[in-house]
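Residue-level structure breakdown
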Amino acid sequence: MNYLFGVIGGQQTGPQPTGAETVQRLCDRVASSTLLEDRRDAVRALKSLSKKYRSEVGTKAMDHLIHILQTDSSDTEILGYALDTLYNIVCNDEEEEQEENQQKQEDDIGVQFTDKFIQEPENITLLLTLLEEFDFHVRWPGVKLLTALLKNQCAQVQGIILVSPMGVSRLMDLLADSREVIRNDGLLLLQQLTKGNAAIQKIVAFENAFERLLDIITEEGSSDGGIVVEDCLLLLLNLLKNNSSNQNFFKEGSYIQRMKPWFEVGDDNSGWSAQKVTNLHLMLQLVRVMVSPVNSPGATASCQKAMFQCGLLQQLCTILMATGVPADILTETINTVSEVIRGSEVNQDYFASVNAPSNPPRPAIVVLLMSMVNERQPFVLRCAVLYCFQCFLYKNHKGQGEIVATLLPSTIDANSISAGQLLCGGLFSADSLSNWCAAVALAHALQDNLTQKEQLLRVQLATSLGKPPVSLLQQCTNILSQGSRVQTKVGLLMLLCTWICNCPIAVMHFLHNQDNVPFLTGQISENLGEDERLVQGLCALLLGICIYYNDNSLENYTKEKLKQLIEKRIGKENFVEKLGFITKHELYSRAAQKPQPAFSTPEHMMFDHEFTKLVKELEGVITKAVLKSSEEEKKEEEVKKTLEQHDSIVTQYKELIREQDSQINELKEQMSSLTTQNEKLQNTITQQLSQIQQHKDQYNVLKLKLGKDNQQTGNNAEGTHVNGLQSEMLSQLREQIEELRRQNQLLQTQLTEKDNEITSLKAEGIPSGEGSTSNNTEMLKEMELLKAQLQSQTAEISQLQTERQELLKRSETMAAVQATGEDSGYLEKIAELESRLSTQNAETQKLKGEVKSLSESKESMEKDLASATSTVAILQAEKDKLQQDVQESKKEQDDLLMLLADQDQKILSLKQRLKDLGETIEDEDDLDSKDQFDDDDDEEDEDEGEEDEDE
């Protein structure tokens, strides 16, 4: 054990061993010792050497340490030493004073040892198993080791943990550990585990991570908490950012409502700690993740609705208007409120109603715009206010109208500052950044809103005393021509392009000023510097809009003349090249990425996100419009007209086809019903024919048998045999008569049904129309079919009667031969058969009578139908005559009204002439009132006379 003493610090007389030799001896000791104590001491010694001799220990001892983890799992102390040693090998956390190159070298060593450790995936599985050990000396170093492995090789370790059974669930148990140090390091481990892996993020979320993390944040004091709150918020951001499934789970679990207490900031906002600022900053980012513009519109809208309903938006607006809030928190709060209200009508309306706690109260929008146009405010704050204003106007036609209304002459209030006044002040101030922000803000008030574009044309500005006011449109072009800064020019050109786009009236106003087109052509045709190329491209875009949306109302600036002007002074190819400068610019690409204006310096603020969409939409159509010749345009117009005519014809045919389809469907339904009825009738006829055929077959059989019986009777007079044959024949006859009775009952039932139908038809009256006629026709056909069947049945019955008579005669002959009269019951059976046959004959006669009555009712119905048809024709003729008389009466009445109107006019003119001549004329209304007054006086006199008589 001398080498151990040397390691620990004891004195040795011989030469000192090197670090590599000591590590090798310790590794041999770990591999060869049979006693647990010896192996434990050796591993403890390796742990003490692992920081100073990191490379040697990692190279020589890693396999032995992994073997210790596999074999000595019962001893927690040696497991803790082995895990600490492995952590020191792969960990890259070194002192800050190390040089950069040395730090990079150490990082490379840690990655190499991590790769060696995870070459066997079973090592990670073994480590996950050890984390289930509750002992502090095993669990804590195991958490630190796995965290270090994830830092060095995140994707590979994530893949191994993902396929490991219950791997993520074991790590989630760390959050429930009562020891804070393990719980806190477990948070760091889960942060590394959930980076960039959506599958693991979903598993962690469904392991109830949101509930546990929010509980920890509440326990630690929310925004006033320490570093643990920060770690929980970072883990929540990992779980929710760019993960729509987890975002939906967070919203559906009502966790948004639990975020509201985070933002309950008191009145005393002085002395915010750095940790509180960090926590609140992460909380605001968490809100923004839920309502980010990159999320699906439906998910964002539902989260915005939930934030308004639970009062979270109201709480954020309170922070927005509070005093003493740090600048970076205020900026992030403005950005958060922006995305909470973006595209949500309810939230936008609420934000418009928020007032700042000032005397007198001012709208929050006005207060924010004051900061935006104030050049003394921080740059990031001004960008945040601009973003907030853009989000407030996004798809908000009502808000756009309110902003533009503050600029109109009829709504300007001299005693208060409005949003429109602030925007105009920023538009024409000396600060180029204020010019740009105000121009972009005003452009958003006109975005996709033709009404407000036309309303803004009414705005007049007083430039100086003694000069007439000029329009806002003209003032913008005046500032452009005065040689302003590039940023100011770009802002004004974006405003003008947005303003006149898709608004022919604004285009006409712009072209009406004779100086505008020469200014644009001059700017485009000049050879300017690199910075001015962007201005040239925007001028080309503005001129192209004037061509594309030109309604040719100005004779000097029609589409054709403007294109000729471009061809002469600029050149079509040169014009298209200058137009292409816009999309090729680096700042254009940056602005097109996301709606929020994020610029590193004020000089980089050149493009607005919504304007990049407009450029992308217009560049191609403007290029085609400029390069087309007049002949091509005429051809296109002709093609458009042809297409419009074609579309109208196609529409007519579509309507006709729809009508025909509906008619075909109705006919198909009728045909299917008729087919069904026909099939039923065919089945009935087939059954009856088969029954008739059976009866015929039975009759032929009986006939053959009877012939044989007669032959045997003539040759052999055995009475017993003859009587047996007669009994069989009589039984067969009974069966036939029963079958005929059943058929007659069936026919009687059908006739009864038809009688009921006829009775109902008589009660309801004779229906008119094609449908009723077809129904009557079908009923008559069925009646004819029933009559035919009845006749066939009657013929069959008569034939059977004839055969019965023959059989009776033969039976009488046979009875005379039998002298002894042995078959005494035979005559009784014959009598019974005759009675049944007479009953059948009676029923047949009854059926014949019913058929006759049906025929008579049929004839009466046909007569009634003919009379009804003639009556309808007479009534229709009378109706037509009456309609003609009514039209003639209306015409005569109109003529009389015209004559009366002329007469009244003449009377009025004559009265006026009499008045002019000095004659007094009493109107008919005055005369009526006077007559009424006289009548009242007469009535009063009569009443007084009656009272005197009573006295």
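Our structure's up above, just so we're on the same page.
My aim in this report is to walk through the structure given alongside it, one point at a time. Quick caveat: nothing in here was measured; it's all calculated off a predicted structure.

Time to look at the packing of helix H7 (residues 121-130) against helix H8 (residues 136-152). Contact pair H7 / H8: the axes reach a minimum separation of 9 Å and the direction vectors enclose 145°. Considering only the axes of H7 and H8, their crossing is left-handed. On H8, the residues that touch Ile124, Leu127, Leu128 and Leu130 of H7 are Val138, Gly142, Leu145, Leu146 and Leu149. Broken down by class, the residue content of the contact of H7 with H8 amounts to 8 nonpolar, 1 polar and no charged.

The final tally for this structure, using the stated rule, is 0 disulfides. Cys476 takes part in no disulfide bond, and the closest cysteine sulfur to it belongs to Cys424, at a distance of 8.2 Å.

The next point concerns the pattern of salt bridges. Applying the stated criterion across every chain yields a total of 20 salt bridges. Put simply, Arg44 and Asp41 hold a salt bridge, and the shortest N to O gap is 2.5 Å. Residue Arg44 and its partner Asp41 are both found in helix H3 (residues 36-49); the two are separated by 3 residues, about one turn of the helix. Across the pair Asp84 and Lys47 runs a salt bridge, and its minimum N-O distance is 3.4 Å. You can see Asp84 sitting in helix H5 (residues 76-90) and its partner Lys47 sitting in helix H3, a full 37 residues away along the chain. Accessibility expressed as a relative area gives 17% for Asp84, which makes it buried. Because the salt bridges share partners, they merge into one network encompassing Arg40, Asp75 and Glu77.

This part is about the nonpolar core. Soluble, globular proteins show a tendency: their nonpolar side chains are buried together. Among the nonpolar cores identified, the biggest contains 211 residues, and Leu541 and Phe607 are the most heavily contacted of them. A per-element tally of this core places helix H21 (residues 379-393) first, with 12 residues. Residues within four places of Phe607 in sequence aside, it is in contact with Trp436, Met494, Leu534, Leu538, Ile582, His585, Leu587, Tyr588, Ala591, Phe599 and Thr612.

A cluster of acidic residues, Asp885, Glu888, Glu892, Asp894 and Asp895, forms a negative patch at the surface. Mapped onto the fold, Asp885 is located in helix H39 (residues 826-917). Judged by its relative accessible area of 33%, Asp885 falls in the partly exposed class.

Thresholds applied
- Residues numbered from 1 in each chain as written.
- Predicted model: local features only at pLDDT ≥ 70, side-chain atom pairs only at ≥ 80, totals over all residues.
- Heavy atoms only, no water.
- Axes fitted to C-alpha atoms, helices over the stretch in contact; angles between N-to-C directions.
- Helix = DSSP H or I, 4+ residues; strand = E, 2+ residues; numbered from the N terminus.
- Left-handed = near helix turned anticlockwise from the far one by under 90°.
- Contact = heavy atoms within 4.5 Å.
- Nonpolar A, V, L, I, M, F, W, Y, C, P; charged D, E, K, R; others polar.
- Disulfide = S-S within 2.5 Å.
- Salt bridge = Lys/Arg side-chain N within 4 Å of Asp/Glu carboxyl O.
- Buried < 20%, exposed > 50% of the residue type's maximum accessible area, 1.4 Å probe, protein only.
- Core = buried A, V, L, I, M, F, W, Y, C linked by side-chain atoms within 4.5 Å.
- Patch = residues over 30% accessible without salt bridge, like charges linked within 9 Å, V, L, I, M, F, W, Y side chains within 5 Å.
- Areas by Shrake-Rupley, 256 points an atom, 1.4 Å probe, with all protein chains shown as cover.
- Lys, Arg positive; Asp, Glu negative; His and termini not counted.
- Charge placed at Lys NZ, Arg CZ, Asp CG, Glu CD.

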